[in-house]
Amino acid sequence: ALPQPEGFMLASILTLTPLATVHRPSTSGPALPSARCFSPSTRRAVVAQGAALPLLLALPRPAPAGGVPEGMKTSESYSNLQQIAPEITGTLGAGTMSSRSRPSTGVVLLDEVQESGKAASPTITAELVLDGGVAATATFDALYPLNRGMFYDVEVRNLAGEGAFLQVASLPDGKSIGDVGDKFITKSIFSTEGRFGAYGAPTDIRVLGKSDKGATKLFDITFAALSPGGNEVPRHALVAALQPEGSNDVVMLVGGSTVSQWKKAEPNLRSMASTFRIARVRPTNIKRKAKNDYRFENQGGLNERTSDSVAKMVDQEF
């Protein structure tokens, strides 16, 4: 329907209630002049109609064709999700993907991450490029589903926020994993570019304990991660770290949950850490660079590597 002029709307409302009663001449008596007589109820109606007039004048004017009413916000009025839905973005957790940048875990994949067995608890296998001309195949038995997508490297996670991911870090020149202390581990995992640093560097980092299980070192760590709203979320992590032969890198499986869920999640996280290992290593001429990740070309980049000249050689032990 076409918008009606304001005058038409006002006239329509004012004529809904008669303003007066017209007395017509009686057929049985002499004709009397017509007169408009206002009863008390009629006067009240007139007053009510007059009071409604300012409200009518305050009604918004009809929008011109192809436009929006003045003062109404459209999608062009907003620059980010926080402005559109603060009630949603204010409650996003530390592990939620929103507008944050992709975390840096140091992982460069030679091929797609493989999973076998049940989807809810698969065995994960990933071939990684490491410094020192080494390609290493890392594997562990997960108790959570594998997360796929460009935001993730090698990560398993459930809906409650419990999960684990792989992290790779270079050792100082001439050092082995046995030569470095706790600070090397915490600095590698809790940087602002890392998995827990999307909204700021984690705080209150404490190493509660550490132990050795063969070539694997275990670290119990608590810390506070920042949420999108700037709130600190206490978390507990279990880190299994090892150094593949022939490489000066440390490969870590970082499992964790919120402190409130730790008692429930701990058995699963320790079980996954106990199965974490390097299944095999082999030499490669590919450098550990982001441009050499097999996914780089899928995003429109030009992969730096041209071939893996030793890719089909028999696996070697260093």
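Notes on the structure follow. (Residues numbered from 1 in each chain as written. Predicted model: local features only at pLDDT ≥ 70, side-chain atom pairs only at ≥ 80, totals over all residues. Heavy atoms only, no water.)

Regarding the side chain of threonine 284
Next up, step 1: Along the chain, the position of threonine 284 falls in the segment after β13 (277–283).
Next up, step 2: Under the relative-accessibility criterion, threonine 284 is labelled buried at 9%.
Next up, step 3: Here the side chain of threonine 284 touches isoleucine 286 through a polar contact of 3.2 Å, landing on its backbone nitrogen. (Helix = DSSP H or I, 4+ residues; strand = E, 2+ residues; numbered from the N terminus. Buried < 20%, exposed > 50% of the residue type's maximum accessible area, 1.4 Å probe, protein only. Polar contact = N/O pair within 3.5 Å; in protein donor to acceptor, adjacent residues only side chain to side chain.)

What about the pattern of salt bridges?
Next up, step 1: As enumerated under the stated definition, the model contains 15 salt bridges in all.
Next up, step 2: Across the salt bridge formed by arginine 148 and glutamate 115, the nearest N and O atoms sit 3.3 Å from each other. With a gap of 33 residues between them, arginine 148 in the loop between β6 (146–147) and β7 (155–157) and glutamate 115 in strand β3 (residues 114–118) connect regions that are remote in the sequence.
Next up, step 3: Residue class for glutamate 115 comes out partly exposed when judged on its relative accessible area of 36%.
Next up, step 4: With a shortest N-O distance of 3.1 Å, aspartate 131 and arginine 288 are connected by a salt bridge. Separated by 157 residues along the polypeptide, aspartate 131 in the loop between β4 (121–130) and β5 (134–141) and arginine 288 in the segment after β13 bring together distant segments of the chain. (Salt bridge = Lys/Arg side-chain N within 4 Å of Asp/Glu carboxyl O.)

Observations concerning the sheet that holds β4
Next up, step 1: The strand order β3-β4-β5-β13 describes an open sheet built from 4 strands, whose pairing is antiparallel. The open sheet has two free edges, formed respectively by β3 and β13, since each of these has just one partner strand. Pairs of neighbouring strands in the sheet enclose a mean axial angle of 15 degrees, with direction left out of account.
Next up, step 2: Helix-sheet contacts for helix α6 (residues 262–275) involve β5 and β13, and the interaxial angle to β5 is about 145 degrees. (Pairing = 2+ DSSP bridges. Axes fitted to C-alpha atoms, helices over the stretch in contact; angles between N-to-C directions. Contact = heavy atoms within 4.5 Å.)

Description of the pairing of strand β10 (residues 216–226)
Next up, step 1: Taking burial as the measure, the 11 residues of β10 include 10 buried ones, the bulk of the element.
Next up, step 2: In this sheet, β10 lies alongside strand β9 (residues 203–213) in antiparallel orientation, the contact comprising 8 bridges. Each bridged residue has a counterpart across the sheet, and for aspartate 212 the counterpart in β10 is lysine 217.
Next up, step 3: In sequence, β9 turns back onto β10 through a hairpin of 2 residues, with glycine 214 there showing a positive phi of about 65 degrees.

Here's the deal with helix α5 (residues 182–189)
Next up, step 1: Taken as a whole, α5 has its buried residues at Phe184, Ile185, Thr186, Ser188 and Ile189.
Next up, step 2: If you follow the buried residues of α5, they end up packed against β8 (163–170), β9, β10, β11 (232–242) and β12 (249–258).

Observations regarding the sheet that holds β8
Next up, step 1: An order of β6-β7-β8-β12-β11-β10-β9 is seen for the 7 strands of this open sheet, with the pairing classed as antiparallel. The two strands at the open ends of the sheet, each matched to only one other strand, are β6 and β9.
Next up, step 2: Packing of α5 onto the sheet brings it into contact with β8, β9, β10, β11 and β12, and relative to β12 it is tilted by some 70 degrees.
Next up, step 3: Along the sheet face, α6 touches β7, β8, β9, β10, β11 and β12 and points at about 160 degrees away from the line of β12.

Focus on the packing of aromatic side chains
Each aromatic ring pair is summarised here by two numbers: the centre-to-centre distance and the angle between the ring planes.
Next up, step 1: For the structure shown, the criterion picks out 5 aromatic pairs.
Next up, step 2: Through successive ring pairs, a cluster of aromatic residues spans Phe165, Phe190, Phe196 and Phe223. (Phe/Tyr/Trp six-rings, centres within 6.5 Å; stacked < 30°, edge-to-face > 60°.)

Focus on α6
Next up, step 1: Look at α6: 19 Å from first C-alpha to last across 14 residues, which is about the 20 Å you get at 1.5 Å a residue.
Next up, step 2: Those residues of α6 not exposed but buried are Trp262, Ala265, Leu269, Met272 and Ala273.
Next up, step 3: Of the surrounding secondary structure, the elements contacted by the buried residues of α6 are β5, β7, β8, β10, β11 and β12. (Expected span 1.5 Å × (residues − 1).)

What to know about the pairing of β3
Next up, step 1: In this sheet, β4 lies alongside β3 in antiparallel orientation, the contact comprising 5 bridges. When the bridges of β4 are listed, lysine 118 appears paired with serine 121.
Next up, step 2: Following β3, the chain reverses through 2 residues before pairing antiparallel with β4.

Describing the environment of isoleucine 221
Next up, step 1: By the secondary structure assignment, isoleucine 221 is in strand β10.
Next up, step 2: Judged by relative accessible area, isoleucine 221 falls into the buried class, the value being 0%.
Next up, step 3: Separated by 17 residues in the primary sequence, isoleucine 221 and leucine 238 have C-alpha atoms spaced 6.3 Å apart.

Purely spatial values, then, with no claim about function.
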